[in-house]
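Summary of the model geometry
Listed here are the chains, written in short residue letters.
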Amino acid sequence: MAACRYLLLFPTLLALTPAAQARTAAFAIPGGSLAPALTAFSKATGIQVIADPAVLKGLRTRGVRGTMPEERALAALLRGTGLTYRRKGGVVLILPGHLPDASGLPRTAKHTAPGTASRSAGHRQTGADTPITVIGQRFADQRALDAKRRMRNIADALSIDEVRRLPDSTVADAMRRIPGVSVLPVADNEHPRDVPIAPVVRGLTQAYNNVTIDGMPIASTGIPDAGSNSASRGVRLDILPASAVSRLLVIKTFTPDLDPNAIGGAIDLQTRSAFGNHGAPFLSLEAGLARPSRHSQVQPQSELGPHATATASRTFGPDHRFGVVISASYRHLDNNSDVHGTSDSGYLNFYKDDGTRAESGSTGNGIPVPRQDKYWYNGSDRRQWGVTARAEADLGTLRLSALAADLVFRDGFTRNEIIIDPEGPGAADQTATSGRFEAGAIQTGYRHGITRNETQIARFGAAWSPGEEDRITIDASFSRAMMRERYDMVKFTAGLDAEGKSTGSPLLGFAYDTAPLQFSFNPPPSAYTDLSLYAADYWRHRSRTADSRIEALRAGWRHNTDRGNRGFGFATGVSATRSTYAYGFSNEAYETTDRGLTLADAGYVSAVRLPFNQNGLPLLVIDPARAWQMFEDNRSVITRTDNEADELQNDFRHAESSLDGYGMIRFASGRFEALAGARLDYTRLSTRGYIGVADTWSPHQSSAHYVQLLPSVLVNFRLAAGLRLRAGYSRTISRPSYEDYAPRSSIDFATGATPGDGDAQGVSVRLGNPGIKPRLSDNFDLSAEWTLPGAWDGMVSAAAFHKAIRNEIFDATTTGYTYGGVYYRFARVFRPANATAAHISGLELSAVVGSLEPVTPLLRHVGFSANWTLLDGKLTVPLKNGSVRALHRLVGQPGEIRNLSVFFNDNGFELRGAMNWTGRALRSIVPGRPWEDAYWAPRRQFDMQARYHFTRGFSVILDVSNLTEERLTSLTGPGMAWLKDSYSVPRTIRLSLHWGLNR
C-alpha cells in the first residue's frame, strides 16, 4: 500500500517540476548501504530523492565512481536492488520493482523514460504512520517534523542540520527558533552579555528548566545572574558543540518516566549515533574564520577568530554490530561591546521641590533622575574546545552505549568604566527632562579576569529486549563541572575627601538631559580630562571557585509501550541521583588615603568617545601595568581592608540525594492512546556554610528532606490522516537554587545592640532556608498538529497551556530569631521562603512549509518556518507590611515571541534569512518600589546564511548574525520609560568551508 501512495504522490511532483536536462557529474560513492549512497547521490547532483525507508531497509549497492550522466549513476546505484525510479526535473522517486495493480496482484513496474510523466491522479498521503524520507535540500526540516510527529509528548525538535541552517552557530542560538522558547544572556555585571546562553521555556527561566544529555543529568556550575553569581542550577545551552549533537529535543509535557525537575520544559541534547543513517560511515569537517563588527576599541584584540569542528563515525566488526563516533571542536572569538546605563541598584533618584533628595522610597516631586551615568567598554576573549566520544554495540536483543566528553570554556573579560555621580546639596533648575548638580564625582575603573569552566561527562547505557513487547534499560552517568575565576580591579575617583568618601567636586558639577532614552550627564570636558583630579581609590584581587558533581543511576522496564503497539502496556522504574555543589569566594582589597597617587601616573585620555554623551567626552583608561606598579611602589601608604567575612560569608557546600520510583500504564486502540501514572520523589539534602554573629564567623550545618507525589495523564488521538490531537496533565517541580539553602548567613548587631540581649534593637539576620520546598506546578496542555498535504511538505501546529505554580520562592522578611539560646524578638530576618504563587498561560502557533510550489511553480524552491507565542503570567509577591503585590508576568517571561525563517534552495545554492522578535520581559523586581522594576526591552534580531554545495560534498558557508547590530536594552522607572542599561551586540560574519561524507 505504501507504494501506491508514492505513485499517487509522484504525478503532483512531476506536474509542477520542469523537465530534466541531461547533466553529468563526478561520483565517488562507495559500495555499502543503499540509503546513504542515495544521500551522497543527492549531494553530488542537487537532485531531491524521495524514498520509503521501509523500501530501502537492508538494501546494499555496489556504488558508482567516475564522471557520467546523472541517470546512468542512479541506475548503477539501484542495479541489483530490485528497485526502480521515476524522475521529473530535480525530483526522483524511488519505487519497488513490484507494485500492486487495481486487482491486487503484483506486476512489474517499468522504468519511465526521462522527461515523461505519470498522469495518474491522486494526492500525497503522509501521516505519523507513513513517514517519507526526503534526501536533499529540505532534509533538515523533515527530520525535525518527523521527530515531533513521533513523540507522545508535546515537544519540538531541531536536527543538527537545521541548527546549522537557521543560520545559527550554536545550539543556544538555534533554541530561539523553537515555539515558546527565548534565550537570555548573562544578567550580572561580571560577564559579557552579547552571547545568549540561558533558556526561557514557556516564559520560565533556567531555574524552572532541565537540561540533559541523552536523557541524563549534567553537572553544572550554573549560569551567572545578578543575584547569585554562579550558584544557580542552570546549564548553559552551548555546553556541547553542535557537531556532537544529533538532535535537540524540547519536551513540554511530562510522563512519569521523565525527570520531573522541569516546570517550563526539559531540553535534551541527543548525541550522534554511529548506527544512524543505516550505519553508513560519516565524516564532517568544517573550518573557518569569524569577524565581529566591533573589536580592539580600547585594548588590542584579534580581528579574526578561527573555528573548526570534526566529527567521524563508522560501524565495524561482524555484521557491523559495533560503532564509534568521535567529535572535536575549537572556537575562538574576540569582540568588544559598549554599555550605557544607570546604577546597578536604586536606578533612579527623586528630589523635592526645594531640590533636596527625597527620602528612600519616596518619589518627591515625581521627576525621575538617573542615579548615575555609567559607561563600560567590555572586551571579550572567548575560547571553547572539547572532545566527545561515543561507542555502541548492537548485539541483537542487547544494545550497549558509552559516552565520554571533556568540554572547556575559557572566557577572558576586560572592562573599562566611567561612572558619573551627582553630589552636593541636590538638584537645581529642574524641569521634567533637565537640571543640574553643583558638584559631581567621577569614577574610572579597570577590571580584567579569566573564567575557566570545564565539564567532564561519562555515561553508560544498556537496553535489553527479551521479547518483542519488552524492553529493560539501565543507564548510569557521572559528570563533574569546575569553575575557576580570577580577576583584578583598580579604580581612581575624582571627588574623594581625605577619608576616601565620595563627596564630589564643584569642578565637576554638571547639567543633565533626560529627554532621550539614552540620557546624558555633561560635566565640563576640561575638568573631566584633568587626570590629576582622579585619586587612587582601591586595588582588588578576587577569585571564585565552584565545583559540582552528579552521579545518576536509572533502571526501567517497559511492556507493550512502543509506538504502534495496541492494547494495554505498562512501564515502571527507579532512579537515584546524588549531586554536590561547593562554592567559594575570596576578596583581597586595598585602599589608600594618599591623594597624591592619581590617574595622571597610571592612565591616559583615549581617542574612544563615550557613546551617547552629549559633550563627546573621551574614555579615560587605566593602564593596568602602571596602576599595579603604583601599588607595588607605594605599599607603605596602602592598607588592606578586607576581613574574614569576605572569605567566609559566601562559601558553602551542598549535598543532595534523590530517590525516585514511577509507574505508568498505557492503552492504545486504533487512533487512540492514553498514558497515566505517577512518580514519587524523595529528596534529602544538607548544607554546610558559615554564620556570622557580629564579627565572629563559625561553621553552620543544616539539613532537610521532602517527598513529592507527581501524577500525570497524557492522551493522543489521531482525528484524521495527518491530524493529531494531544492533551495532558502533569505535576512537576523546580528545585531551589543551591544558594537558597545556606550561603550569606549572618547576624549583624547595629551600634548599641548587644549580643545576648533578647530586647536589643537593630539586629538583622540574613539566612538561607534549609527547609525551603521546591516549586510545584500543575500543568495543563492541549495541542493539535496537522501534516500538510501534497507538495506543501510541512506541518501546522497549535498548543495551549496553563501552569499553576505553588511554593514560588521569594525573599521574605519576618521578625524574631533564636540563636545561641537567646530569642531576639525585634530581629529582622531576611531569608528565601515559599511565600508566593504564580501562574502562566500561553498559546503557541507554528507553521513549517517546505515549498511554496502549490502557490505557484515560480516559488517551488522557496519555503519558510514561522511561529508565534503569546504568554500571560501573574506573580504574587509579599511585601514587608504583610500585604501583597501582583505582577502580570514572571521574571524572565516575555509577553510575546515571534520567529520567521525563509529559505531558498536550488541547484546546490541555499539562502536563508531569519528574524527573532522577543517582546518585553521582566528582568528583576523590587517588591515595595514598582518604579525600580527592570524589564528587558523588546528586541528584534536578523540573521542570514548563504551556502553553496560543490561536488563531492564540499560546501562554502557564509553566516551573518545580528545583521543590524541590535542592542540589548533594559528599561525601568515610571511607565518603563527610563534607561536601566543598553548593551551593544556586535554583528558577526563567519565564513566556513565544509566537507562531508554520507551526511
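Residues numbered from 1 in each chain as written. Predicted model: local features only at pLDDT ≥ 70, side-chain atom pairs only at ≥ 80, totals over all residues. Heavy atoms only, no water.

The name given to the chain in an unreviewed UniProt entry is TonB-dependent receptor, and the organism recorded there is Novosphingobium beihaiensis. What the UniProt record of the chain gives under Subcellular location (unreviewed entry) is the line "Cell outer membrane". (UniProt positions renumbered as here; feature names shortened; annotations may be inferred.)

Across its full length, the chain holds 10 helices and 53 strands. Here the chain holds 999 residues, and 58% of them are scored as buried. Restricting the contact set of the chain to residue pairs at least 6 apart, pairs at least 24 apart contribute 72%. By element, 56% of the accessible surface of the chain is carried by carbon and sulfur atoms, the whole surface being about 38800 Å². (Helix = DSSP H or I, 4+ residues; strand = E, 2+ residues; numbered from the N terminus. Buried < 20%, exposed > 50% of the residue type's maximum accessible area, 1.4 Å probe, protein only. Contact = heavy atoms within 4.5 Å. Areas by Shrake-Rupley, 256 points an atom, 1.4 Å probe, with all protein chains shown as cover.)

Of all hydrophobic cores here, the largest spans 42 residues; its most connected members are I418, F492, Y528, Y534, W539 and L619. Once residues within four sequence positions are removed from consideration, W539 is found in contact with M489, V490, E588, A589, Y590, T592, L597, A627, W628, M630, F631 and I638. (Core = buried A, V, L, I, M, F, W, Y, C linked by side-chain atoms within 4.5 Å.)

On to helix α2 (residues 34-45). Spanning 12 residues, α2 covers 16 Å between terminal C-alpha atoms, matching the ideal 16 Å at 1.5 Å per step. L34, A35, P36, A37, L38, T39, A40, F41, S42, A44 and T45 are the residues of α2 that are buried. Downstream of α2 by a residue or two, G46 has a phi angle that is positive, lying close to 80°. (Expected span 1.5 Å × (residues − 1).)

The next subject is the packing of aromatic side chains. Evaluated as defined, the whole model comprises 21 aromatic pairs. Both rings, one in Y590 and one in F631, keep their centres 5.0 Å apart while their planes meet at 70°; by these two values the pair is edge-to-face. Note that Y590 is positioned in strand β30 (residues 567-592) and F631 in helix α9 (residues 624-633), a separation of 41 residues in sequence. Classification of Y590 as buried rests on a relative accessible area of 7%. A residue is classified by how much of its surface remains accessible, and F631, at 3% relative accessible area, is buried. An aromatic cluster is built from Y351, F437, F510, Y512, F519 and F521, whose rings are joined through pairwise contacts. When the ring centre of W376 is taken as origin, the NZ or CZ atom of R415, which lies over that ring, is 4.4 Å away. (Phe/Tyr/Trp six-rings, centres within 6.5 Å; stacked < 30°, edge-to-face > 60°. Lys NZ or Arg CZ within 6 Å of the ring centre and 35° of its normal.)

On the surface, L659, L680, Y682, V707 and L709 cluster together into a nonpolar patch covering about 470 Å² of accessible area. Of all elements in the fold, only β35 (672-693) and β36 (696-720) reach the threshold of two or more residues within the nonpolar patch. Assignment of secondary structure puts L709 in strand β36. Given a relative accessible area of 53%, L709 falls into the exposed group. (Patch = residues over 30% accessible without salt bridge, like charges linked within 9 Å, V, L, I, M, F, W, Y side chains within 5 Å. Salt bridge = Lys/Arg side-chain N within 4 Å of Asp/Glu carboxyl O.)

Quick look at the side chain of S846 now. Mapped onto the secondary structure, S846 falls in strand β42 (residues 822-849). When sequence neighbours within four positions are dropped, the list of residues in contact with S846 reads P179, M795, V796, S797, A866 and N867.

Residues spaced three or four apart along an α-helix point in a common direction, a consequence of the helix completing one turn every 3.6 residues. Among the residues of helix α4 (residues 70-78), E70, A73, L74, A76, L77 and L78 are the ones counted as buried. The positive-phi residue at the C-terminal boundary of α4 is G80, with phi of around 85°.

This part is about the packing of α2 against α4. Two elements in contact, α2 and α4, have axes whose closest approach is 11 Å; the angle formed by their N-to-C orientations is 175°. Compared by their axis directions, α2 and α4 come out roughly antiparallel. Where α2 approaches α4, its residues L34, A37, L38, F41 and T45 are matched on the opposing element by E70, A73, L74, L77 and L78. Partitioning the contact of α2 with α4 into residue classes produces eight nonpolar, one polar and one charged. (Axes fitted to C-alpha atoms, helices over the stretch in contact; angles between N-to-C directions. Parallel < 35°, antiparallel > 145°, perpendicular 65-115°, else oblique. Nonpolar A, V, L, I, M, F, W, Y, C, P; charged D, E, K, R; others polar.)

Leave glycine aside and you will find that most residues have negative phi; peptide bonds, for their part, are mostly trans. The backbone of R202 sits at a positive phi, close to 55°, despite the residue not being glycine. Tracing the backbone shows R202 in the loop between β13 (196-201) and β14 (210-213). Residue R202 is classed as buried on the basis of its relative accessible area, which comes to 0%. Backbone geometry places N962, a non-glycine residue, at a positive phi of 55°. Along the polypeptide, N962 turns up in the loop between β50 (954-961) and β51 (968-972).

Glancing now at the pattern of salt bridges. Under the counting rule described, the total for this entry stands at 38 salt bridges. The closest approach of N and O atoms between K980 and D981, which form a salt bridge, is 3.1 Å. Comparing K980 with D981, the two get one shared label, buried. Members of the salt-bridge network, linked through shared partners, are R202, K252, D781 and E844.

What follows concerns the environment of N587. Relative to the assigned elements, N587 resides in strand β30. Take N587: its relative accessible area is 6%, and that puts it in the buried class. Separated by 44 residues in the primary sequence, N587 and S543 have C-alpha atoms spaced 6.7 Å apart. One polar contact links N587 to R542, side chain to side chain, over a distance of 3.0 Å. (Polar contact = N/O pair within 3.5 Å; in protein donor to acceptor, adjacent residues only side chain to side chain.)

A separate point is the environment of H295. Mapping H295 onto the fold places it in the loop between β18 (282-292) and β19 (305-316). Residue class for H295 comes out buried when judged on its relative accessible area of 18%. Along the sequence, H295 and S380 sit 85 residues apart, while their C-alpha atoms lie 8.9 Å from each other. Discounting chain neighbours no more than four positions away, the residues touching H295 are Q301, E303, D334, N335 and N336. Separated by 3.2 Å, the side chains of H295 and S296 make a polar contact.

This part covers the pairing of strand β16 (residues 245-251). Looking along a regular strand, one sees side chains alternate from face to face of the sheet. Of all seven residues in β16, six are buried, a share of seventy percent or more. Pairing geometry for β16 and strand β17 (residues 266-271), over six bridges, is antiparallel. Along β17, the bridge assignment pairs V245 with T271. (Pairing = 2+ DSSP bridges.)

Here we take up the side chain of N522. Here N522 lies in strand β28 (residues 520-522). Judged by relative accessible area, N522 falls into the buried class, the value being 14%. Engagement of the side chain of N522 in a polar contact is seen with the side chain of Q614, the distance being 3.4 Å. If we ignore the near neighbours within four places in the chain, the residues touching N522 are F510, A511, N613, Q614 and N615.

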